[in-house]
Structures are given as C-alpha cells and as structure tokens.
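The chain contents come next:
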Amino acid sequence: MSSLTSELSEQKCPECGSRIFAYRQFPSWCPDCEWNLGTNENDGPSDRTGKIYQKISALHGETAFRSIVKKSPENLRPRWTISSVLAHFLAALIHLGTLVTVGLALYAFSFGWSLLILIGVSLLCLAWTMRPRLGVMPDGCLVRQDAPALFALCDRIADKVGSPRADGILVNGDYNAAFARVGMPRKTLLIIGLPMWLVQTWPERVATLAHEFSHGANGDCTRGLLVGSALDALEHWLDFLRPEYDSGSGAIVGNHLLWILSWPVHMLHLGLSHLVWSQSQLAEFLADYLAITVAGSEAMIDDLRKIANGSHLGLFASKSILGQQQSGREVIEKFVSYYEGLPKGELERLKRLSNQENARLDSTHPPTRQRIEFIAAHPELEPAIIVNEADQVLIQAELENEIETVGRQMICDWAPEL
C-alpha cells in the first residue's frame, strides 16, 4: 500500500501557505484553512420522498434539532399528535383509493361493452401500480441454522432495544446496513454490508446492529405498514404519471396530460411527507439513543464516522474491479487492505466532511453532526453488550462462507461480462 500512503510533503497551500496533505491518489487539502476540503453533498436523493425531506430539513432541521437535543430521550418515543393522526388518515385514504379503483374496474367489466372493458383493464393496471408493496424475504438470506452465533448476538441486541428478532440476515456487497419488515405476516430482515462489517471494530459492529434493530422499536411510522406502504405507493403513482420525456409529438401531448393528472398525487405525496418528516427525524435520534444504551457512546460515534467513509468503496471498486478474472475473496481482501491503508490525512478529511452542516448518510437521516451532538448530550459510557473472543471467532467463521459469494456479487455489479 506504499503507493497509497506516500505523502508529497513539499507542497504548500495556495491559500495560506501551510504544509498540506498531498497524496498521489487522494485529494490534496489544507488542514489549517481547509482549502480543497471538498463537500459531502452528493447528487442528492433519487427518490421523491428523499427530495422532499431534504428541502424540509434545509428549512426547519436545525430549529427542530435545537428543540429536542437537551430533552430526555423518552420524549422522543412516538405519541399521537395531530400530524400523526392526519398522516394515518391520509395513508388510509390512499389505500382506499386503490380499492375504489379496483371496484370501478369490476363495475366497468359488468357492462360487457368493449370500451368499458378497455377502461376497466386500464383501471386494473393503475390499481396494480398503486398496490402496497409489502416486500419479500430475499433469496440467499442466512437463517438461524446457518449462523447461530450471529443470530444469538442479534437476538441479544434486539431484546435489549425492544425490537422483533431477525427472521433472516442478508449479507451483501454494500457499505451499509439496513432493517426492514417484509411480507405478510411481517418478518424481520436485517441487511449487513460485508465490506463495511470487515473494516469495523467489534464495538462498531454492535453499534451498527443496535441502531438497525432500534428501527424495530422506535415507532417510525414511515417504516410501518400503513404509512410506509402509502408513501411507496405514491412514489410508484408518480413514476407512472410522470414518465421519461419523449420528443415525439403524440408523446408530448400524452406526457402533458399525464403531468396534469399527476398533480393531485403530487400534492398528496407532498402533504404526507410533511406530516411524517418530524416523527421520522425523532425516530432516527431515538434509534441512535437506543443504540448507545447497547454499544456505548464512543462506539456509536466511531461507527457514524466510519459509515460516512462509504464513498471509498465506490472509489476502490471503480479502480480495482475491472474484470471477471479475480475471485470474490480476492476482491473483498483487496478492499479491506485498501481501507486499512488509507492515510491519516485522508481519514481526517473524511472526518471533517462528516462535520459539514448538511452532511448526512442519506436524505432520511438527520445530519451526522447533529447525531453526534445528540449522542454527546446523552452519554452512555459503558456498553451493555460486549462480544467475547469465543463468539467473535464463531461469527467470523459463519461469515467466512459469505466472502466469496459477496465478492462475486461485487464483481458482477462493477465489472459485468460484456
């Protein structure tokens, strides 16, 4: 890794003249005046709900945060408010609209007329687009007999924060982790990104798991069956009503008509997003608090810093996964070596980026600096769950079988066969 860590020590900052951090494969920047530090803002969220959240946060996020940072975490627990009642009522109306659409389609079929049958088919297609997506347990998930030690750790954490236990664990190639309830009846799915897991310390891993399981206990209505599926349905409605622009004359007329029809749906989406934004942010802070009761404040803050470094997975993959020849294990091991070889100046730059005003893991989360400040205001110095060496060995052995599979998945994602 010497080529990654060779510092070009002779360079000076063009702004203040101080010695700068300059590496051959990373941005040069000044630690004194922060010249060329960069920005942690990416291209922005791709989904419409995320874009709305981003705008609301820019306008009201700091004021909302200041109103809760010094309060007891118990005040973050979900409670019925005018906004939450209206959100559930509006979500129910949205799903009722799907049922009404199906009813109108069946009514049109009852006449047996060709035109009405065509209208009925169109309404059924629209109802299919509007249907709630409940999700499914993905193929390839680990179940309890596959990884008993990992599930035992997850059970301890889930019980501690008051979350349902995991029914399946998906290990993939993301630099992330996630929690979801899928299917009917609802099953709990935990997703662990192996690249992130392998560069974390054990306290950071516990913090990650605790935060994710806390989403099963923090009462976030956007992850609930009624409101969450309504937001998802509105996203699909708008995708249907606002298709990609087509320059053909007939398509232009059709697109303008669909755009007009989409406005009531857009207003519903805007209204529901505004109603649930505040509760969604409170739920994230509560998840952080529940996580620090499990892992301790220091581990949770370290974990937030490390998760914010996820951009380096993409940088590594774009430079190193160039073909199908290498093994999956080789790709994973190369990434771990790459990450562990990041120079101290680059790690400091990433840390400062995570402290920027609007830097966040994604549009649904509060800014990382707010989350760290909230954790510091409610310190839990001692972790409640520590993974002993014997369990560490067992869990590592269980995940060993996933390395080749996940590595091959990363190769397919980044270097598909031509």
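Here is a short report on the structure shown in this document. (Residues numbered from 1 in each chain as written. Predicted model: local features only at pLDDT ≥ 70, side-chain atom pairs only at ≥ 80, totals over all residues. Heavy atoms only, no water.)

1. Things to note about helix 5 (residues 148–161)
With 14 residues, helix 5 extends 20 Å between its outermost C-alpha atoms, agreeing within 8% with the 20 Å of an ideal straight helix rising 1.5 Å per residue. When we look at burial in helix 5, the residues that qualify are Ala 149, Leu 150, Phe 151, Leu 153, Cys 154, Asp 155, Ile 157, Ala 158 and Val 161. One or two steps after helix 5, the chain reaches Gly 162, where phi turns positive at roughly 85°. (Helix = DSSP H or I, 4+ residues; strand = E, 2+ residues; numbered from the N terminus. Expected span 1.5 Å × (residues − 1). Buried < 20%, exposed > 50% of the residue type's maximum accessible area, 1.4 Å probe, protein only.)

2. Considerations on helix 3 (residues 82–111)
Helix length check: helix 3 (30 residues) gives 44 Å between terminal C-alpha atoms against 44 Å at 1.5 Å per residue, within 8%. Looking at helix 3, one finds that the buried residues are Ser 84, Ala 87, Leu 90, Ala 91, Ile 94, His 95, Thr 98, Thr 101, Ala 105 and Ala 108. Following helix 3 by one or two positions, Gly 112 has its phi on the positive side, about 75°.

3. Remarks on the environment of Leu 142
Residue placement: Leu 142 occurs in the loop between helix 4 (114–130) and helix 5. Using a relative accessible area of 5% as the deciding quantity, one classes Leu 142 as buried. Taking the C-alpha atoms as reference points, Leu 142 and Leu 190, 48 residues apart in sequence, are found 9.8 Å from one another. Look past the residues within four positions of Leu 142 in its chain and what remains in contact with it is Ala 147, Leu 150, Phe 151, Asp 167, Gly 168, Ile 169, Val 171, Leu 399 and Glu 402. (Contact = heavy atoms within 4.5 Å.)

4. A closer look at the nonpolar core
By size, the foremost hydrophobic cluster in this structure holds 75 residues, and its most contacted members are Leu 150, Ile 157, Ile 169, Trp 197 and Phe 213. In this structure, Phe 213 is in contact with Cys 154, Ile 157, Ala 158, Val 161, Ser 163, Pro 164, Arg 165, Ala 166, Phe 179 and Leu 190, ignoring residues within four places of it in sequence. Ile 56, Ala 87, Leu 241 and Trp 277 belong to the second largest nonpolar core, which has 21 residues in total. (Core = buried A, V, L, I, M, F, W, Y, C linked by side-chain atoms within 4.5 Å.)

5. Concerning the sheet that holds strand 3 (residues 168–172)
The three strands are arranged 3-5-4 in an open sheet whose pairing can be described as mixed. Two strands close off the open sheet at either side, each with one partner strand: strand 3 and strand 4 (177–182). For this sheet the average axis-to-axis angle between neighbouring strands, irrespective of direction, equals 20°. Pairing between strand 4 and strand 5 (residues 187–193): six bridges, direction antiparallel. (Pairing = 2+ DSSP bridges. Axes fitted to C-alpha atoms, helices over the stretch in contact; angles between N-to-C directions.)

6. Details of unusual backbone geometry
Following Met 184, the chain continues to Pro 185 via a peptide bond in cis, the omega torsion being 10°. The phi dihedral of Glu 34 falls on the positive side, at around 60°, and the residue is not glycine. With respect to the secondary-structure elements, Glu 34 resides in the loop between strand 2 (26–29) and helix 2 (48–68). Although it is not a glycine, Asn 36 sits at a positive phi angle of roughly 60°. On the basis of relative accessibility, which here comes to 41%, the residue Asn 36 falls in the partly exposed class.

7. Description of the pairing of strand 5
By the criterion of burial, strand 5 is predominantly enclosed, with six of the seven residues buried. Pairing geometry for strand 3 and strand 5, over five bridges, is parallel. Across the sheet, Val 171 pairs through a bridge with Ile 192, a residue of strand 5. Between strand 4 and strand 5, which pair antiparallel one after the other, the connecting turn spans four residues, and Gly 183 there sits at a positive phi close to 75°.

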